[in-house]
Amino acid sequence: MRTPVGTVLPATDPLAGFEATTRAWFEATFPDGPTPAQRLAWPVLADGGNALVVAPTGGGKTLAAFLAVLDRLVRDRRAGRLDAGVRCVYVSPLRSLSYDIERNLARPLASLNAGVDSQALPNPIRVGVRTGDTPAVERARQRLDPPHILITTPESLSLLLSQEGWTPVWRGLETIVVDEAHALAPNKRGADLAVTLERLAAFAERDPARVGLSATCRPAEVVARYVAGVGRGCVVLDAATVAARVEPEIRVEALLRSDEEPHRGLTYRRLLTRLARSLRTRRTTVIFSNTRAFAEKLTHDLRRLPEIEAREVAAHHSALDARRRREVERALMEGSLRGVVTSTSLELGVDIGTADETIQIGLPGGSARLLQRVGRSGHAVGRTPRGVMLATTPAELAGAVVTADAARHGRIEPLAWIRAPLDVLCQQLVGMACERTWRCDDAFALIRRAAPMSELSRDDFDACLAFLAGELGAAGAEPVAHAADRPAPPRWTSPRLRVRDGLFEVARGRVRIWMRANVGTIAVEESSRVLVDGLEVGTLESAYADTLTPGDRFVLDGRCLELKRREFKQLTARAAGDSPALPRWTSDRQGLSNTLAAELAGFRDAAARTLLDGPAALRGLLIEVHGLEPDAASILVDLFESQQRVSEVPGPAVLLVERSPGRCDDESDYSLHHPLGRRASEALGRAVAARLGREVGRDISLSVADMGFSLRVDATAPVAPEVWSRLLDPDRFEDDVYEGVDRGELPSKRFRHIATTALMILRNPEPGRVRVGGTEWVSRRLFPMVRARCPRHPLLRETRREILDDLLDAPAALAWVASRPEVRVRSLAAPSPFTRAWIDPSAPDLLRFEPASAALRRLSARLMA
């Protein structure tokens, strides 16, 4: 049975279709009966249907997906039909979640196996985990004796499908489960998985049923289509349709005071005091910071507080060694940790049964992410998730009010999948060729069955094949004809594929080695291993590690370590006293989503209108409606009052331009306030800067933030008020966004990651071979070479698409510009309160438009004046 997207089926007796052993185990283990998610899911899944199960954290989604699978395995074992081979594949975006699922399946599996073992039947039902952490011995055993349920990650699954020896293992596959589907659907990792699932389904004797699990997603139909793929129905089973929604308890607290100037050191001390209070009074507190570096600092400093036992606080993030992460996860399960400080690695899935409070420091960027993080507490049926948002600035306080309100009421950001990423396509083509020879037409048809690839054009498909075969011409769009009198096409790497007569295969056996060592789409910087007492603690990005010399101290795993020696990409360190520096990792900090930015703009506008009735009216609104403490409410009242006094609070349909003197006499600052989140704000800022730079012929400094950006311009080239409306012209907007981006290093850096995903370059070279030049060579030499000789290269086009659509949000910025917002210009004696609150001009990006010779002439004229 294949039910259509969006249909919700009524549930009668949810256990009616199960075998007696399965029913008996469930009824004995869960006397309260099935959860709403399970009541909806089991009738559909027992019938082999595709489904997306949507339920809050702790709503029983895992058992909703697996009990039907286990029941089918019990039946087949009893009937003697349980042959070797994988019957169910469970895909998790996190390794930690994979091991969590394995533990959760152990109890029902032991009971169900025991029930059948009483009849002396062979072949017990087995579960196996395959991730990057799986030992080589276990990997070999799995291929020879595969488990019936395979728990894996997107990258490990892709790797398995590229190995010929695994082909027979998939023939009996019946079910594919995709957990945390909402976290995969909108990114390249999810696009890669979608193609992998189509390849996996093609190996099976019949199309496997697909089950997606999600706690927060909107619209659910988009995620359902992602899980099912093109041409398959998928029923949405939303537990909210049969049960009252549990509203999370989310409080907003300010770490600053209304009667004092912001002071970073004082605010940080208050943060430590507040966290220590939670650690003392709660069983387990999960603390979320927005960067790994800050998570390390907090862990280190909390352990040094006299009222905290150091062993009861741990850090958890992706740069820590897998062994250490597993230790922390086990301690969380056992309830032996008072607190864990994490960036993103614990926001999905891992069952922390003792966690009774989560703390979010700063803004998570979106209401969906906040709900995921708050859901780490109260992670059980019938319990209420509880979270606290700690704001360290007035801007964070305003953003926290809006984010908490949206999360409480279930207003989460809409999802959309990435449209046909070409670097992902290249990697998948290489992976497919590693498995066997393919007809080009068959590969194209299979790849387009994956929802994110459904709009892939044949021209783009052929261009990627031509690139991988080393046959891409100078135009970068078509293969070069082989002729003796024509120059050879430009080649920057050896061919990965051989393409001829409508077929493609690997160019040589070595490509399979490269694929195994470089599979994956997650953009990571080069890293260096850190060893203490012979054990790996974690990794540091090589760009930071290369700055260290013996004797330097840094913090990792919440410990102060001192470097003893460095050998290529390995650092040997020892435990040290104190005063460590913070490592630098590529930031995973999130800007506000456009949904929340629009709500924040509406909140600011409503506050300004309420302020017309006096400060007491606004203070009452913030306390009574938004639940702020009186002092926190006073902070926002002061912010809005002072902004109104020197300028104005812009409405959602207004671009407010504030001119003020720069830091030097020859500079002017322009602060532009709008209702866009960080990504769309940068797109708008890049376009405006590019247009303004061309118009005035001067270099421009750009500083971007949520809700606004600032431009620093030469004071001798003032911008007339009427110019700003012209700078918002929608015509050729995306071209001007990219021109503004292209005057910096972002395109070359993104090309480096895209070329790595597409296997143009190898992140991990073949064992025994040393890579020459490092990844910087790709940015500094390869990127300009490809751009000059092959301007329509598919990876260059993917670089532009990724920057405009994924890293920035040019479509959202263009939509707002096309709405023709009112432009209001004000001249101020100093930066406004909103500028000081939301826009930080301390690290601007310089966009150069003035020739060096002209700049030198102007400087000389000033010095001679």
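Quantities reported herein were computed from a predicted structural model and do not represent experimental measurements.

### A word on the pattern of salt bridges
Step number 1: Counted by the stated rule, this structure contains 67 salt bridges.
Step number 2: For arginine 449, the salt bridge identified is with glutamate 198, shortest N-O distance 3.7 Å. With arginine 449 in the loop between α16 (440-447) and α17 (458-468) and glutamate 198 in helix α8 (residues 188-203), the pair connects residues that are 251 residues apart, well separated along the chain.
Step number 3: Several salt bridges share partner residues, and in doing so they unite Lys188, Asp423, Arg750, Glu798, Arg801, Glu802 and Asp806 into one network.

### Points about the sheet that holds strand β17 (residues 527-532)
Step number 1: Read across the sheet, five strands follow the order β18-β17-β21-β20-β19 without closing on themselves; strand pairing throughout is mixed. With one partner strand each, in any of the chains shown, β18 (535-541) and β19 (553-556) form the two edges of the open sheet. Looking at each pair of strands side by side, their axes are set apart by 40 degrees on average, direction ignored.
Step number 2: The pairing of β17 with β18 spans six bridges and is antiparallel. Its bridge partner lying in β18, serine 528 is registered against leucine 540.

### Digging into helix α25 (residues 733-742)
Within an α-helix, residues lying three or four positions from one another point in the same direction, as the helix has 3.6 residues per turn.
Step number 1: The buried count for α25 comes to seven of 10 residues, which makes it a mostly enclosed element.
Step number 2: Where α25 is concerned, the buried positions are Phe733, Asp736, Val737, Tyr738, Glu739, Gly740 and Val741.
Step number 3: Considering only its buried residues, α25 is in contact with α23 (678-696), α26 (746-757), α28 (794-807), α29 (810-818) and β27 (845-847).

### Overview of the side chain of threonine 196
Step number 1: Position of threonine 196 among the secondary structure elements: in helix α8.
Step number 2: Of the residues examined, threonine 196 reaches a relative accessible area of 0% and is grouped as buried.
Step number 3: At a separation of 3.0 Å, a polar atom in the side chain of threonine 196 contacts the main-chain carbonyl oxygen of aspartate 192.
Step number 4: With residues near it in sequence (within four places) discarded, threonine 196 still touches Leu157, Ser158, Leu161 and Gln428.

### Section: the environment of valine 654
Step number 1: Considering the arrangement of structural elements, one finds valine 654 in strand β22 (residues 654-661).
Step number 2: Linking valine 654 and proline 821, residues 167 residues apart in sequence, is a C-alpha distance of 5.2 Å.
Step number 3: Aside from chain neighbours lying at most four places away, what touches valine 654 is His673, His674, Pro675, Trp816, Pro821, Glu822 and Arg824.

### Points about the environment of threonine 437
Step number 1: Tracing the sequence through the fold places threonine 437 in the loop between α15 (422-435) and β14 (438-439).
Step number 2: Between the C-alpha atom of threonine 437 and that of leucine 503, which follows or precedes it by 66 residues, the distance is 6.8 Å.
Step number 3: The contact partners of threonine 437, leaving out residues within four places of it in the chain, are Leu503, Phe504 and Glu505.
Step number 4: Here glutamate 505 takes part through its side chain, which lies 3.0 Å from a polar atom of the side chain of threonine 437.

### Thoughts on the packing of aromatic side chains
Step number 1: One pass over the structure, following the stated rule, counts 14 aromatic pairs.
Step number 2: Ring plane angle 80 degrees and centroid distance 5.9 Å describe the contact between tryptophan 25 and phenylalanine 30, whose orientation is recorded as edge-to-face.
Step number 3: The buried category is assigned to tryptophan 25, whose relative accessible area is 8%.
Step number 4: Aromatic rings pair up to connect Phe18, Trp25, Phe26, Phe30 and Trp42 into one cluster.
Step number 5: Over the aromatic face of tryptophan 838 sits the side chain of arginine 604, whose NZ or CZ is 4.6 Å from the ring centroid.
Step number 6: Positioned over the ring face of tyrosine 738 is arginine 800, at 5.4 Å from the centre of the ring.

### Looking at the pairing of strand β21 (residues 570-575)
Remark: a regular strand shows side chains that alternate across the two faces of the sheet.
Step number 1: Across four bridges, the pairing between β17 and β21 is parallel. Counted as the bridge partner of valine 530 is leucine 571 from β21.
Step number 2: In terms of strand pairing, strand β20 (residues 559-567) meets β21 through six bridges, oriented antiparallel. The residue of β21 that forms the bridge with leucine 561 is alanine 575.

### Some remarks on the sheet that holds strand β1 (residues 51-54)
Step number 1: Ordered in space as β3-β4-β2-β5-β6-β1-β7, the seven strands form an open sheet in which the pairing is parallel. Of all strands in the sheet, those with a lone pairing partner are β3 (127-130) and β7 (235-238), marking the two edges. Along the sheet, successive strands turn relative to each other by an average axial angle of 15 degrees, direction set aside.

### A look at the packing of helix α13 (residues 367-374) against helix α14 (residues 394-408)
Step number 1: In the contact formed by α13 and α14, the axes pass within 9 Å of each other and the chain directions differ by 70 degrees. With respect to their mutual orientation, α13 and α14 come out roughly perpendicular. From α13, Ser367, Leu370 and Leu371 reach across to α14, where they touch Thr403, Ala404, Ala406 and Ala407.
Step number 2: By residue class, the composition of the contact of α13 with α14 is five nonpolar, two polar and no charged.

### Looking at the confidence of the model for the chain
Step number 1: Scored by pLDDT, the chain has a mean of 87; 90% of the residues are at 70 or more.
Step number 2: Element-level mean pLDDT values for the chain span from 56 in helix α31 (residues 852-864) up to 98 in α16.
Step number 3: Overall, residues 1-11 carries pLDDT values under 50, and its contacts beyond four positions in sequence, including any with other chains, amount to 37 contacts.

Basis of the calculations
Residues numbered from 1 in each chain as written. Predicted model: local features only at pLDDT ≥ 70, side-chain atom pairs only at ≥ 80, totals over all residues. Heavy atoms only, no water. Salt bridge = Lys/Arg side-chain N within 4 Å of Asp/Glu carboxyl O. Helix = DSSP H or I, 4+ residues; strand = E, 2+ residues; numbered from the N terminus. Pairing = 2+ DSSP bridges. Axes fitted to C-alpha atoms, helices over the stretch in contact; angles between N-to-C directions. Buried < 20%, exposed > 50% of the residue type's maximum accessible area, 1.4 Å probe, protein only. Contact = heavy atoms within 4.5 Å. Polar contact = N/O pair within 3.5 Å; in protein donor to acceptor, adjacent residues only side chain to side chain. Phe/Tyr/Trp six-rings, centres within 6.5 Å; stacked < 30°, edge-to-face > 60°. Lys NZ or Arg CZ within 6 Å of the ring centre and 35° of its normal. Parallel < 35°, antiparallel > 145°, perpendicular 65-115°, else oblique. Nonpolar A, V, L, I, M, F, W, Y, C, P; charged D, E, K, R; others polar. pLDDT = per-residue confidence, 0-100.

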